[in-house]
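Fold and contact review
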Amino acid sequence: MEATTIQSTRQPEPIILIQETTLTGEEQAQFKKLTLVWLTTALALFPILVILGLLMRGSQAAILKMSPELFYAFMTLHGLGMVGIWYIAGMAGAGLLLSRYVRPSLALSRGVFWATLVAVVLLIVATLIGKFITGWYFLYPLPLYPADVWKPWATLAFFAFLTIAGVAWTLWTVDYLRAIASRYSLKRALAWDVLFKKVKESDVPPMILILTVSLISALAGFLAAVVLIALFAAEALSSGFTNDALLMKNLVFYFGHVLVNITMYLGVAMVYELFPAFAEKGKLTTKWMVAAAWNASLLLVNLAYFHHLYMDFVQPGLLQKLGQIASYLVSVPAGVVTIISVLSLAFGSRMTWRLPSLLFFLGVMGWAIGGMAAVVDSTIVVNFRFHNTLWVPAHFHTYYLAGVVFMILGFAFQYAAELSGKAENLRLGRWLTALLTVGAYGFLSMFFYAGAHSVPRRYAVYPSEVHQGAGYAQVAIVFILLILTGVIIYLWEYGRRCVHAFSAHSH
Amino acid sequence: MPVQQIAFLVWLLFAIIIAAVFGIIGWRSRQKVDVSPARVNRFRILLLVILLVLSVIFWAYTLPKVPYPTEARQPDMVVFVTGKQFNFGIATHPMPTEKEWEEVVNFGEPVVLPRNKLIEFRVTSLDVNHGFSLYDPDHLLIGQVQAMPGYMNRLRYRFTKPGEYTVLCLEYCGNGHHRMRGAFTVQ
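Rules and cut-offs
- Residues numbered from 1 in each chain as written.
- Chains lettered and ligands numbered in written order.
- Predicted model: local features only at pLDDT ≥ 70, side-chain atom pairs only at ≥ 80, totals over all residues.
- Helix = DSSP H or I, 4+ residues; strand = E, 2+ residues; numbered from the N terminus.
- Rg over C-alpha atoms; globule rule 2.2 N^0.38 Å.
- Buried ≥ 20, exposed ≤ 12 C-beta atoms within 10 Å, placed from the backbone.
- Contact = placed C-beta atoms within 7 Å.
- Pairing = 2+ DSSP bridges.
- Core = buried A, V, L, I, M, F, W, Y, C linked by C-beta atoms within 7 Å.
- Nonpolar A, V, L, I, M, F, W, Y, C, P; charged D, E, K, R; others polar.
- pLDDT = per-residue confidence, 0-100.
- Axes fitted to C-alpha atoms, helices over the stretch in contact; angles between N-to-C directions.
- Left-handed = near helix turned anticlockwise from the far one by under 90°.
- Parallel < 35°, antiparallel > 145°, perpendicular 65-115°, else oblique.
- Expected span 1.5 Å × (residues − 1).

**What about the overall build of chain B?**
When helices and strands are counted, chain B shows 3 helices and 9 strands. Helices and strands appear in chain B in the N-to-C order α-α-β-β-α-β-β-β-β-β-β-β. Relative to the compact-globule value of 16 Å for 187 residues, chain B shows a C-alpha radius of gyration of 24 Å, a clear excess of over 25%. Principal axes of the C-alpha set define a box for chain B whose edges measure 75 × 40 × 30 Å. The proportion of buried residues among the 187 residues of chain B is 36%. Put simply, of all contacts in chain B between residues at least 6 apart along the chain, 63% involve residues at least 24 apart.

Structure below.
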């Protein structure tokens, strides 16, 4: 598809989109540098985490031999690592875009960066060395059942990682909200004046509205994580106190669901803010429909998480059905507003397709295709056969890898290109996008197909009943190698621009 | 046709439509065309109506079929299932202690279930969360429920196909998760 959307193979100068800011002088230079450091850290970790995924598929394909402990350590690190890097990249990018309108704190962002680095080290130590292998969701009470696999220090390191990252990211979220509220009140940032028809159109950009919705949800998610960690600590430290497994499950899935969804929204906010300029059209504005859609998302994203608990039959039936209804409805504003907006911007635009705009456009497509797979799985009678099969990683890898990751890769490339001023190679951009897209959808198709054929997720090796899973994993490996090649080419191009920007700056 | 295949085909249909729309719009970005906001809004309203109508149809079709047990009907037979790292104890009597669970796992008689009767599995766990899943003789996943410590989940199923059924664990439960299993026969 992308081959059809490129009109020329010129090597134009990058367009300048991001660099305008409310910050001045040295503070602005520092903020820009810090954003680049955040993005580069996330991007540098990306291929490493892809390789962990490749190794896991290698084990499932019966090509690589590794202990189950190592497989599940990779699984835990891959899951938390991927969600973590795209969250921080999304937040860092959002911070830069926010700085066009409001003033996020530079000092706080710097502090959060160092705290995050400490947390990452703790996570790596806990999983790879300590073999704390509970999966990303450390589902209660598994962390309290280490058998002989991990030692108490590894549990401690893992919960220290959670606490440090949790506190740091909560402060980051609060700071962004503070920055927004200091210029617009939160009511205005949520476009309630438009929603309740006091004004026809808000001067709050849609990006600010989306970020406000995301940040409020993130705070609620982090609050759930705080309660969860406190309850774990209470049980570990006191004798005789036992937690309620259903409550703990609700808390962890609420937290995880919200974190993943808002990371998606951070990518969407970037697209809202930047895609119109690529399409050579005016900025999007916050009208009633946009306000209604994102306020509905604020409500629905917090209710949809019930779909993670369908197979807990003791959960009240009303909540289960509410989960299905909310999961369907949450796709409606996304489809009706965001996706139509992006399509209408591209249609008849005669735009020059550059790497960032291609990745934004395809990222929105991945969001839609993955979202549809999520809606299918959020149907209770379907989930009865799909829950914890490979259909689940199939759908979330679609809107993650082919969705928000594409969007953030587009954003980071645009940023580095602007800073460096280096010309863009449109032909390379087209081939790189094609490579990433073919790799992603080939890899994803094996997850979908395996899920539809009853292959479970989170299996180090497949038992005879689901031996077909090994064949699907073998095919997936070919496509992961394509993705990896694409990521390396991307990083080379991104890195060249970063080096150029820095050397130009130092001279 | 199994539910999985129907779901896969429904998704594939939507995925192809979405990809085609993006492809066509991408292609049409090559020519300059002015699109009025009113026309875009008409598309929005059309899509809104389509999505809502489709949602209501899917809800009406699927929500009455949820697998949750109701008190209105009593099961014909009750089977007790207890998960513990890394095995499922399956018996016609409860296993509230580790000792009883071990007896069932190591020395228990294989459970044989009748066809066309409503069977209720009462599923729990002695340690962490497990996923009690039913794989039919053709290794098709036909249903599942969580095995949770401190809770008893009730899964009802009417088997029509005779043969050996396999139980795999569908909730990650530790380093032996992939080898955790159980079995029963339907005659």
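Here the narrative resumes.
**Describing the pairing of strand 2 (residues 87-91) of chain B**
For a regular strand, side chains alternate in direction, first toward one face of the sheet and then toward the other. Residues and elements named next belong to chain B. Among the 5 residues of strand 2, 5 are classified as buried, and the element is accordingly described as predominantly covered. Alternating residues of strand 2 divide into Asn87, Gly89 and Ala91 and Phe88 and Ile90, and every residue in both groups is buried. Taken together, the 5 bridges between strand 1 (residues 77-84) and strand 2 define a ladder with antiparallel strand orientation. Residue pairing in the sheet places Lys84 in a bridge with Asn87 of strand 2.

**Examining the nonpolar core**
Residues and elements named next belong to chain A. Ala89, Leu209, Ile210, Ala269, Val271 and Ala412 are the most contacted members of the largest nonpolar core, which has 233 residues in total. With 21 residues, helix 15 (residues 391-420) is the single largest residue contributor to this core. Not counting the four nearest positions on each side in its chain, Val271 is found in contact with Val342, Phe360, Gly363, Val364 and Met407.

**Some points on the environment of Leu362(A)**
Looking at the element boundaries, Leu362(A) is found in helix 13 (residues 355-377). Looking at Leu362(A), the number of C-beta atoms within 10 Å reads 27, which means it is buried.

**Notes on the interface of chain A and chain B**
Between chain A and chain B, the contact holds 70 residues from the first and 72 residues from the second. Of all the secondary-structure elements, those providing two or more residues to the side of chain A that touches chain B are helix 1 (2-5), helix 3 (68-98), helix 9 (245-278), helix 11 (317-329), helix 12 (331-346), helix 13, helix 14 (380-386) and helix 16 (426-452) of chain A. A per-class count over the side of chain A that touches chain B returns 46 nonpolar, 16 polar and 8 charged.

**Overview of the confidence of the model for chain A**
Residues and elements named next belong to chain A. In this model, chain A carries a mean pLDDT of 93, and residues with pLDDT of at least 70 account for 97%. No element of chain A has a lower mean pLDDT than helix 1, which averages 42, and none a higher one than helix 14, which averages 98. Taken as a whole, residues 1-8 scores under 50 in pLDDT and shows 27 contacts with residues more than four places along the chain or in a different chain.

**Things to note about the sheet that holds strand 2 of chain B**
Remark on secondary structure: sheet strands pair via backbone hydrogen bonds, oriented parallel or antiparallel. All names here are of chain B. Taken in spatial order, the 4 strands line up as 2-1-4-7 in an open sheet, and their pairing is mixed. Each edge of the open sheet carries a strand with a single partner, namely strand 2 and strand 7 (153-158). Averaged over all pairs of adjacent strands, the angle between strand axes in this sheet comes to 25°, irrespective of strand direction. Of the strands in this sheet, strand 1 and strand 2 are in contact with helix 3 (residues 98-107), which crosses strand 2 at around 90°.

**Focus: unusual backbone geometry**
All names here are of chain A. Here the amide bond leading from Tyr140 into Pro141 is cis, since omega sits at 0°, within 30 degrees of zero. Positive phi, normally seen in glycine, also occurs at Glu280, with a value near 55°. Positionally, Glu280 belongs in the loop between helix 9 and helix 10 (288-303). Given 12 C-beta atoms within 10 Å, Glu280 falls into the exposed group. Not every positive phi belongs to a glycine, and Arg350 is a case in point at roughly 55°. Relative to the assigned elements, Arg350 resides in the loop between helix 12 and helix 13.

**Quick look at the packing of helix 3 of chain A against helix 9 of chain A**
Residues and elements named next belong to chain A. Here helix 3 crosses helix 9 at 35°, and the two axes come no closer than 9 Å. Judged by the twist between their axes, the crossing of helix 3 over helix 9 is left-handed. Across from Val83, Trp86, Tyr87, Gly90, Met91, Gly93, Ala94 and Leu97 in helix 3, the residues of helix 9 making contact are Leu259, Val260, Thr263, Leu266, Gly267, Ala269, Met270 and Glu273. Here the residues of the contact of helix 3 with helix 9 are counted per class, giving 11 nonpolar, 4 polar and 1 charged.

**Observations concerning the packing of helix 3 of chain A against helix 4 (residues 106-129) of chain A**
Residues and elements named next belong to chain A. Close contact between helix 3 and helix 4 brings their axes to 10 Å; oriented N to C, the two are set at 170°. The angle between the axes of helix 3 and helix 4 places the two elements in the roughly antiparallel class. Here Ala73, Thr76, Leu77, Leu80, Ile88 and Gly95 of helix 3 come into contact with helix 4, specifically with Ser109, Thr116, Leu123, Ile124, Thr127 and Leu128. For the contact of helix 3 with helix 4, a count of residues per class yields 7 nonpolar, 5 polar and no charged.

**Observations concerning helix 11 of chain A**
Spanning 13 residues, helix 11 of chain A covers 19 Å between terminal C-alpha atoms, matching the ideal 18 Å at 1.5 Å per step. Within helix 11 of chain A, burial applies to Gln320(A), Gly323(A), Gln324(A), Ala326(A), Ser327(A) and Tyr328(A).

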